[in-house]
Amino acid sequence: MALTPNLDEITLAFTADAWARSKRSKVYAVAGSTEPVVSRSGLVFLADYTQAGADAPPVLTPIAGLPGQALDRTLEGIVQRYGHRTAFLVALEFEYPSYR
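All values derive from a computational prediction rather than experimental measurement. (Residues numbered from 1 in each chain as written. Predicted model: local features only at pLDDT ≥ 70, side-chain atom pairs only at ≥ 80, totals over all residues. Heavy atoms only, no water.)

**Student:** Can you walk me through helix α3 (residues 84-93) in this structure?
**Tutor:** The α-helix advances 3.6 residues per turn, and as a result positions three or four apart in sequence lie on the same side. When we look at burial in α3, the residues that qualify are T86, A87, V90 and A91. Taken around the axis of α3, the buried residues stretch over an arc of 140°, which confines them to a single face. Turned more than 90 degrees off the buried face of α3, the exposed positions are R85 and L92. Here the buried face of α3 lies against α1 (9-21) and α2 (70-82). (Buried < 20%, exposed > 50% of the residue type's maximum accessible area, 1.4 Å probe, protein only. Helix = DSSP H or I, 4+ residues; strand = E, 2+ residues; numbered from the N terminus. Arc of directions from axis to C-beta. Contact = heavy atoms within 4.5 Å.)

**Student:** Help me out: how do you make sense of the packing of α1 against α2 in this one?
**Tutor:** Relative placement of two packed helices is described by the angle separating their axes and the distance separating the axes. Contact geometry of α1 with α2 gives a least axis separation of 9 Å together with a crossing angle of 30°. If you check the angle between α1 and α2, you find them roughly parallel. The interaxial crossing formed by α1 with α2 has right-handed handedness. Facing α1, whose interface residues are T11, F14, T15, A18 and W19, α2 presents A70, L71, T74, G77, I78, R81 and Y82. (Axes fitted to C-alpha atoms, helices over the stretch in contact; angles between N-to-C directions. Parallel < 35°, antiparallel > 145°, perpendicular 65-115°, else oblique. Left-handed = near helix turned anticlockwise from the far one by under 90°.)

**Student:** Looking at this structure, I do not really get the side chain of D8. What am I missing?
**Tutor:** Mapped onto the secondary structure, D8 falls in the segment before α1. Setting aside residues no more than four positions away along its own chain, D8 makes contact with R40 and P67.

**Student:** Can you help me understand α2 in this one?
**Tutor:** In a regular helix each residue adds 1.5 Å, so 13 residues correspond to 18 Å; α2 covers 18 Å between its end C-alpha atoms and thus fits that length. Among the residues of α2, A70, L71, T74, L75, G77 and I78 are the ones counted as buried. Projected down its long axis, α2 shows its buried positions confined to an angular sector of 160°, all on one face. Positive phi appears at G83, one or two residues downstream of α2, with a value of about 105°. (Expected span 1.5 Å × (residues − 1).)

**Student:** Can you walk me through unusual backbone geometry in this structure?
**Tutor:** It is generally the case that most residues other than glycine have a negative phi and that most peptide bonds are trans. The backbone of N6 sits at a positive phi, close to 70°, despite the residue not being glycine. Mapped onto the secondary structure, N6 falls in the segment before α1. Judged by its relative accessible area of 46%, N6 falls in the partly exposed class. We note that K23 has phi near 65°; this positive angle belongs to a residue other than glycine. Inspection of the secondary structure assignment puts K23 in the loop between α1 and β1 (30-31). Residue K23 is classed as exposed on the basis of its relative accessible area of 57%.

And the structure:
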């Protein structure tokens, strides 16, 4: 997950948790530098990796839009990468009724 200044914590939480619940991904925080990243509400995050680091994992594109849409968009990404069954499992774990 990319950490950027002024990020929304709800979007970050939904996205990271959903990818982790896929049981097929590990989620790490990646930032542009080793400096702490401050969220919109003032939470301070420290990255696991820097983007320029040779050992940095691939970075997920940040979810744009309202925080309430983050889970829907993340499930769409999981469908694209791992298929509908994996996304359905993640939605079940969230007890997310609007996912088909």
